[in-house]
Amino acid sequence: PADVTVPNGSVRVLESHHARDFQMEPGEWDFHKMCWVVVGRGLLETSDKSVSIESGDFILLPQGCRHRFVDDTAEPLTLNIVCVHPEVFDGGNLSFGKDDYWDCLIRQLPVGQALNARTRFHYNQLVELFRMALREQEKAILGWELALKQAANMLLLRFVRGDVAMKKDRIV
């Protein structure tokens, strides 16, 4: 896998195209991940479960969640991953009471669960945010880092508001 560094208070986007023989070792990262499975199918393995994933799924992985992706060799995965340093979601406008929105989200939706958009409309909105983040990082023109934070915050808000639902029948 690619070595990804997310500076303090920043967001980075990774587009990960897996070859048929790709193998990922389990690991932990010091940033949150919001993932979109662009194409392919496989498994997401965490320390306590394996979940089947496929094109169109969304996945939330908090900082420190040990995991790995295992590809179906017939349909290797391509993932768009928005990597968010925890400081981006801590405090400020993203807090209410004692909790922040990320903590609220993780209580709502179990870690490492395959999620689907509730409607085609929600799916298109989520995908556009993932694509916008990738475009901004690739172009790296004035304001790109601010645009990445905006995209990450909008993704977080859409997830918290319930634009996605769990796929309960997918744990293997």
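Right, let's walk through the structure included here. (Residues numbered from 1 in each chain as written. Predicted model: local features only at pLDDT ≥ 70, side-chain atom pairs only at ≥ 80, totals over all residues. Heavy atoms only, no water.)

1. Some thoughts on the pairing of strand β7 (residues 78-84)
Link 1 in the chain: The buried fraction of β7 is high, at 7 of 7 residues.
Link 2 in the chain: In β7, alternate side chains face the same way, and those of Thr78, Asn80, Val82 and Val84 on one face and Leu79, Ile81 and Cys83 on the other are all buried.
Link 3 in the chain: Bridge count between strand β1 (residues 11-17) and β7: 7 bridges; the pairing is antiparallel. What sits directly across from His17, in β7, is Thr78.
Link 4 in the chain: Pairing geometry for strand β2 (residues 32-39) and β7, over 7 bridges, is antiparallel. Note on β7: the bridge partner recorded for Val39 is Thr78. (Buried < 20%, exposed > 50% of the residue type's maximum accessible area, 1.4 Å probe, protein only. Helix = DSSP H or I, 4+ residues; strand = E, 2+ residues; numbered from the N terminus. Pairing = 2+ DSSP bridges.)

2. Re helix α2 (residues 120-139)
Link 1 in the chain: Here α2 spans 28 Å end to end across 20 residues, near enough to the 28 Å set by a 1.5 Å rise per residue.
Link 2 in the chain: Every buried residue of α2 is accounted for by His122, Tyr123, Leu126, Val127, Leu129, Phe130, Ala133 and Leu134. For α2, the angular spread of the buried residues around the axis is 150°, confining them to a single face. Summarising the geometry of α2, the exposed residues directed more than 90 degrees from the buried face are Arg120, Phe121, Glu138 and Lys139.
Link 3 in the chain: Phi turns positive one or two residues past the end of α2, at Ala140, with a value near 50°. (Expected span 1.5 Å × (residues − 1). Arc of directions from axis to C-beta.)

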